[in-house]
Amino acid sequence: MSDNLTHLQQLEAESIHILREVVAEFNNPVMLYSIGKDSAVMLHLARKAFYPAPPPFPLLHVDTTWKFREMIQFRDRMAAECNLDLIVHVNEEGVNRGVSPFTHGSALYTDVMKTEGLKQALDRYKFDAAFGGARRDEEKSRAKERIFSFRSANHRWDPKSQRPELWNLYNTRIKPGESIRVFPISNWTELDVWQYIHLEQIPIVPLYYAAVRPVVERDGMLIMVDDDRLELQPGEKVEYKSVRFRTLGCYPLTAAVESEADTLPRIIQEMLLTRTSERQGRMIDHDQAGSMEKKKQEGYF
Amino acid sequence: MAHQSDLIESDILAYLKSQEEKTLLRFITCGSVDDGKSTLIGRLLWDSKMVFEDQLAALEVDSKKVGTQGGAIDYALLLDGLQAEREQGITIDVAYRFFSTDKRKFIVADTPGHEQYTRNMVTGASTAQVAVILVDARKGLLTQTRRHSFLVSLVGIRNVVLAINKMDLIDFDQKQFDAIQRDYEKFAAPLGFASITAIPLSALNGDNMIEASANTPWYSGPTLMGYLENVPVAGDSRGEPFRLPVQWVNRPHLDFRGFCGTIASGTVRPGDEILVASSGRTSRVARIVTMQGDLPEATAGQAVTLTLKDEIDVSRGDMLTIPDAPPLHTRHPEAHLVWMHDEPLQPGQLYLVKTASAVTPGRVTAVQYVVDVNTLEQKQEPTLGLNGIGVVRLELDRPVSFDPYRNNRDTGSFILIDRYTNATVAAGMVITAPVDPDAVQVTEFTPEVVVCEDAAPVRISLSAASVSASGASVVDLSSEGCAIEFEISPSFIEHLGKGNRVLFRLKDLGQLHAVALLAFQQRLSFEFDRTAEGISILVFRRGIKPVENSYADTGTSI
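This one's a predicted model, so the numbers in the text were calculated from it and none came from an experiment. (Residues numbered from 1 in each chain as written. Chains lettered and ligands numbered in written order. Predicted model: local features only at pLDDT ≥ 70, side-chain atom pairs only at ≥ 80, totals over all residues. Heavy atoms only, no water.)

## Side note on the overall build of chain B
Which entries qualify depends on this criterion: A helix here means a DSSP run of H or I that spans at least four residues, while a strand means a run of E at least two residues long, and both kinds are numbered starting from the N terminus. Partly exposed describes any residue whose relative accessible area lies between the buried limit of under 20% and the exposed limit of over 50%, with all areas from a 1.4 Å probe on protein chains only and scaled to the type maximum. Any two residues whose heavy atoms approach within 4.5 Å are treated as being in contact. Working definition of accessibility: Shrake-Rupley area with a 1.4 Å probe, residue cover restricted to the visible protein chains.
When helices and strands are tallied, chain B shows 12 helices and 30 strands. Counting only residues that meet the buried cut, chain B has 55% of its 558 residues in that class. In chain B, of all internal contacts separated by at least 6 residues, the share reaching a separation of at least 24 is 72%. As presented, chain B carries roughly 22,700 Å² of accessible surface, and 49% of it is formed by carbon and sulfur atoms.

## Here's the deal with the overall build of chain A
Scanning chain A for helices and strands turns up 9 helices and 10 strands. For chain A, the share of sequence-separated contacts (at least 6 apart) that also reach a separation of at least 24 residues comes to 74%. For chain A, the accessible area works out to roughly 11,000 Å², and carbon and sulfur atoms hold 47% of it.

## Quick look at the sheet that holds strand S5 (residues 159-165) of chain B
Residue and element names in this part refer to chain B. Stated formally: Strands pair, by our definition, only if DSSP identifies at least two bridges between them. Each axis is a line fitted through C-alpha atoms, taken for helices only over the stretch in contact, and angles between the N-to-C directions span 0 to 180 degrees.
Pairing is mixed across the open sheet formed by 6 strands, whose spatial order is S2-S3-S1-S4-S5-S6. Where the open sheet ends on each side, the last strands, each with one partner, are strand S2 (95-100) and strand S6 (195-200). Taking each pair of neighbouring strands and ignoring which way they run, the sheet shows an average axis angle of 25 degrees.

## Examining helix H3 (residues 37-47) of chain B
Counting buried residues along H3 of chain B, 9 of its 11 residues qualify, which places the element largely inside the surrounding structure. Taken residue by residue, H3 of chain B has Lys37, Ser38, Thr39, Leu40, Ile41, Gly42, Arg43, Leu44 and Leu45 of chain B as its buried positions.

## Examining the packing of helix H8 (residues 264-273) of chain A against helix H2 (residues 12-19) of chain B
Operational definition: Oblique is the label for any angle not covered by the other classes, which are roughly parallel (under 35 degrees), roughly antiparallel (over 145) and roughly perpendicular (65 to 115). Only Asp, Glu, Lys and Arg are considered charged, only Ala, Val, Leu, Ile, Met, Phe, Trp, Tyr, Cys and Pro nonpolar, and every remaining residue, Gly among them, polar.
Running from N to C, H8 of chain A and H2 of chain B point in directions that differ by 80 degrees, and their axes come no closer than 10 Å. Taken as axis vectors, H8 of chain A and H2 of chain B run roughly perpendicular relative to one another. Touching Pro265, Ile268, Gln269 and Leu272 of chain A of H8 of chain A are Ile12, Leu13, Tyr15 and Leu16 of chain B, all from H2 of chain B. Classifying every residue of the contact of H8 of chain A with H2 of chain B gives 7 nonpolar, 1 polar and no charged.

## Examining the confidence of the model for chain A
Should pLDDT be low for a region, the predicted coordinates there are not to be read in detail. Using the following cut-off: Along the chain, pLDDT gives the predictor's confidence residue by residue, from 0 to 100.
The pLDDT averaged across chain A works out to 88; a share of 90% of its residues lies at or above 70. Averaged pLDDT values for the elements of chain A fall to 64 in helix H9 (residues 291-297) of chain A and rise to 97 in strand S1 (residues 29-32) of chain A.

## Things to note about the nonpolar core
Most often, soluble globular proteins keep nonpolar side chains buried together rather than apart. Selection rule: Grouping buried Ala, Val, Leu, Ile, Met, Phe, Trp, Tyr and Cys residues that are joined through side-chain atoms within 4.5 Å yields what is termed a nonpolar core.
Ranked by internal contacts, the top residues of the largest apolar core, which has 80 residues, are Leu19, Met31, Val41, Phe148, Trp188 and Trp194 of chain A. When neighbours within four sequence positions are excluded, Trp194 of chain A is seen to be in contact with Lys37, Ile204, Tyr208, Leu264, Ile267, Ile268 and Met271 of chain A. Within the second largest apolar cluster, 79 residues are counted, among which are Leu44, Val108, Ala128 and Val152 of chain B.

## A closer look at unusual backbone geometry
Here Tyr51 of chain A and Pro52 of chain A are connected by a cis peptide whose omega angle stands at 5 degrees. In this model, Lys166 of chain B sits at a positive phi of 65 degrees, which is unusual for a non-glycine residue. Looking at the secondary structure, you find Lys166 of chain B in the loop between S5 and helix H8 (174-188). Classification of Lys166 of chain B by relative accessible area gives buried; the value is 19%. You will see that Phe172 of chain B, though not glycine, has its phi angle at about 55 degrees, which is positive. On the secondary structure map, Phe172 of chain B appears in the loop between S5 and H8. Residue Phe172 of chain B is classed as buried on the basis of its relative accessible area, which comes to 14%.

## Brief notes about the pairing of strand S21 (residues 389-396) of chain B
Put simply, side chains in a regular strand alternate between the two faces of the sheet. Residues and elements named next belong to chain B. Counting buried residues in S21 gives 7 out of 8 residues, a clear majority hidden from the surface. The pairing of strand S17 (residues 334-339) with S21 spans 5 bridges and is classified as antiparallel. Counterpart to His336 in the pairing with S21 is Val391. Here strand S19 (residues 359-371) runs beside S21; their pairing, made up of 8 bridges, is antiparallel. Each residue of the ladder has a partner; that of Ala366, found in S21, is Arg393.

## Some remarks on the pattern of salt bridges
Our working definition: Salt bridges are counted wherever a side-chain nitrogen of Lys or Arg sits within 4 Å of a carboxyl oxygen of Asp or Glu.
Enumeration over the complete set of coordinates arrives at 37 salt bridges over all chains. Notably, a salt bridge pairs Asp76 of chain A with Arg75 of chain A, separated by 3.0 Å at the nearest N-O pair. Residues joined in a network through salt bridges with shared partners are Glu21 and Glu25 of chain A together with Arg316 and Lys354 of chain B.

## Brief notes about the sheet that holds strand S11 (residues 273-276) of chain B
Picture the strands of a sheet paired through backbone hydrogen bonds; they go either parallel or antiparallel. What the 7 strands build is an open sheet, ordered S7-S15-S11-S12-S14-S9-S8 (chain B); its pairing is antiparallel. What marks the edges here is a single partner per strand, and that holds for strand S7 (243-245) and strand S8 (248-250) of chain B. Neighbour-to-neighbour, the strand axes of this sheet turn through a mean angle of 40 degrees, independent of strand direction. By the bridge criterion, 4 bridges tie strand S9 (residues 258-262) of chain B to strand S14 (residues 303-308) of chain B in an arrangement that is antiparallel. Within S14 of chain B, the residue paired with Thr262 of chain B across the bridge is Ala303 of chain B. Its contacts with the sheet place helix H1 (residues 7-25) of chain A against S8, S9 and S14 of chain B, and it is angled at close to 60 degrees to S14 of chain B.

## What about the packing of helix H6 (residues 118-125) of chain B against helix H7 (residues 143-154) of chain B?
Residues and elements named next belong to chain B. Selection rule: Each helix crossing is assigned a hand: it is left-handed if the near helix lies turned anticlockwise from the far helix by less than a right angle, otherwise right-handed if that turn is clockwise.
Taken N-terminus to C-terminus, the directions of H6 and H7 make an angle of 40 degrees; their axes are 10 Å apart at the nearest point. Between H6 and H7, the angle is such that the two are oblique. The crossing of H6 and H7 is right-handed. Contacts between H6 and H7 involve Thr118, Met121 and Val122 from the former and Arg147, His148, Leu151 and Val152 from the latter. Grouping the constituent residues of the contact of H6 with H7 by class yields 4 nonpolar, 2 polar and 1 charged.

## As for the environment of Asn4 of chain A
Its location among the elements puts Asn4 of chain A in the segment before H1. Asn4 of chain A has contacts with Gln9 of chain A together with Arg238 and Thr299 of chain B, leaving out every residue within four places of it along the chain.

## Brief notes about a nonpolar patch on the surface
Residue and element names in this part refer to chain A. In plain terms, the rule: Candidates for patches are residues over 30% relative accessible area with no salt bridge; among them, like charges are joined within 9 Å and nonpolar side chains (Val, Leu, Ile, Met, Phe, Trp, Tyr) within 5 Å.
On the surface, a nonpolar cluster with roughly 410 Å² of combined accessible area is contributed by Val212, Leu232, Val238 and Tyr240. Structurally, Val238 is set in the loop between strand S8 (221-224) and strand S9 (239-244). Its relative accessible area of 35% is what places Val238 among the partly exposed residues.

## Overview of the pairing of strand S6 (residues 179-182) of chain A
Residues and elements named next belong to chain A. Where burial is concerned, the two faces of S6 agree: the one with Ser179 and Arg181 and the one with Ile180 and Val182 are both buried. Across 3 bridges, the pairing between strand S4 (residues 129-131) and S6 is parallel. Across the sheet, the residue bridging to Ala130 is Arg181, located in S6. Summarising the sheet, strand S5 (residues 148-151) and S6 pair through 4 bridges and their orientation is antiparallel.

## Examining the packing of aromatic side chains
Rules: Each aromatic pair joins two rings of Phe, Tyr and Trp (for Trp, the six-membered one) with centres within 6.5 Å, and gets the label stacked for planes under 30 degrees apart, edge-to-face for over 60, and tilted for any other angle.
Applying the stated rule across the entire model yields 20 aromatic pairs over all chains. A centroid spacing of 4.5 Å and a plane angle of 15 degrees characterise the contact between Phe148 of chain A and Tyr170 of chain A, whose relative ring orientation is stacked. Of this pair, Phe148 of chain A sits in strand S5 while Tyr170 of chain A sits in the loop between S5 and S6, and the two are 22 residues apart along the sequence. Judged by relative accessible area, Phe148 of chain A falls into the buried class, the value being 4%. Between Trp167 of chain A and Tyr405 of chain B, the aromatic rings sit 5.8 Å apart at their centres with planes inclined by 70 degrees, giving edge-to-face as the arrangement. With Trp167 of chain A in the loop between S5 and S6 and Tyr405 of chain B in the loop between strand S22 (400-402) and strand S23 (413-417), this residue pair bridges two chains.

## A few points about helix H5 (residues 101-125) of chain A
Residues and elements named next belong to chain A. As a reminder, the rule being used: A helix is expected to reach a length of 1.5 Å times the quantity of its residues less one. Note on bend: at a given residue it equals the angle between the axes fitted to the 7 residues ending there and to the 7 starting there.
With 25 residues, H5 ought to run about 36 Å at 1.5 Å a step, yet its terminal C-alpha atoms sit only 27 Å apart, falling short of that. A maximum bend of about 85 degrees is found in H5 at Ala107. Those residues of H5 that fall on the buried side of the exposure criterion are Pro101, Ser106, Tyr109, Thr110, Val112, Met113, Thr115, Gly117, Leu118, Lys119, Ala121 and Leu122. Tucked inside the fold, the buried residues of H5 contact S1, strand S2 (59-62), strand S3 (86-89), helix H4 (92-96), S4 and S6. In the stretch just after H5, Lys126 is the one whose phi turns positive, near 55 degrees.

This is the structure in structure tokens:
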């Protein structure tokens, strides 16, 4: 809490403290790696926390099979460069049933491919702690979630009986089958994340930078045509526009924004001058107020 | 979101450079249910342009649906995150909010005003450096104001803002503002705050939030934002003795042993001599290792990896310190305990005690007294229930390194965990520790008066502030080697006159004379207690009724 540290230095120190605490106290931690910019920062912090050792836990990617191709390439490159074990889990049951965002709607699709997939992976490998890159400024229910967030054996979050979290003393005790989700960058904002990426020169998926890409306009949003699974609806046509992504997820559910920002400073500049929040590009939050809270109770990150 | 938008547009790199120097302030807001806390924070977010258009659109919809402002924008809805809370119209847990200006990034802990949620306030305050205590200008100080202020002081916050809100509803009446400020300063004097800044506000209308209000020409102090941007961040502990609780030992290969942890206080450089508090072994710092190269120096707040010149035994749970000012290393800390669970404290039962450096089984052996948070009165009770606060003595299975909480929040704090349910049941703040009977060989107690070479007795001055400002009514004389005598201030006698009790912890029987003399001269009573830990004398005034609750919750100003 020293005044001579800048806000980013303090945030970094807090995150490193959290990462180390988990490694010291848990038997089998894992880092949920979603390939986005928040995951990039979290992974960078983990490398710093355990240097000169590599981070002593694997990365887990719950692959919905609908991620942008550039994300998958980036994921494999980072895992190799950082000398990390990468576990890729796909909900095969969902795949066999042909669950897709087009045929089943975003709510069911997300539940099956993301939430169910995540729970399957956590159960299969018996992870007792899972790092996630969620931030408290993203969404209201996250603002109240603890950094060390307890999950029952059924992966449920109970917002009404959260453990009090004081100072930097984290209660890591669990019974067999239970687990803790840990959010090392809880106290970072979107701006902090971008500033840190800029300052530390952290590699991010090229989709964050503006480039000419094929898109269709659907329900007022620009959806990128990342492969031939995107079926055009009547009246839709593929256009080539200079676009970038403020947030990355499954390509049919993640809207692009028109932009010319092709460098990090220009991205930050655009972000600072814009008037909409980053989650706006995510269809998952649009269903209803409190939808994130419901999803989280059911086990979503 | 557009602060400094000119610079952002014209020279983003210069802007980014300027942002690298930004500092961080964590603060807490506390107030009663209707004081407008959520509105105040919502307004800060709003005015610092941290609300986006899509959030604004959602806010407009929500304001019409569940708002309390008759369809107008209800800033409080920016904050109340969980559905259950929205429906009840109150905040029921601790929420963290973020905003920034060009000078600082802010983390706000939004905490509830409900009585049963003392635990949430203590939780939010534990990481805060400043407290904003809200008062409704129409109502003045309430019991809650007193309670919040006490909790804030207990948790070690030294700078408070008295945010006198809803000034618009009393026509910005200076007299009433002054009266509330005076009342508060008088009441808060024993709490030992370093600064109290009263600000006349209307959070709803924005008066004195960012810009000085035209409605309060008589007020020349800072606006709320002005204060938050400029208040020096307390707890700069670079100059304090070095403390590194070892969190993890990094051993990637045989040639590297790094000791990882967050520096709790002080500064460290390669070559510095360090002491392992548990073993007394010493070594020197070889390197401060980071992924981006070794550092020449590291200071409080940084998460570091140190290597040492010698192979000495250090593991998680140890504390690296400077040799000439080591921490307490004890099995028997005495501490403030805030009970946070429905199941009351079971003295004698084993809990897990988690400190900055270790998890150790331990039990509470005695509740010295319980503090009524509304009256600050001390009572003798056998246990602590939910939201109870008291001074207790602990017995740990093995010695642990601590500092008194008032010296170091990081190495003076701990939590208690229930071994069966794994619930976090209490938060603790170390006051002191008696000389450890394990460390000092005491085979037989010899009631001899220690004769000092230096004949002049040590004068110890006692005032209400000296006993209550430190947070505990404990006078610890166990480190005074020589004869003592007291200098008594009227406020000290007044403190006892209100029914408060003061515990004197003695080094030996020789000091008893001075305490007995004090009791004789001031017509006080005392109880004598000798345990394995030493001698203690509880001094009090007999026949005094406990402090009357002078701060009623009737809604009238006092």
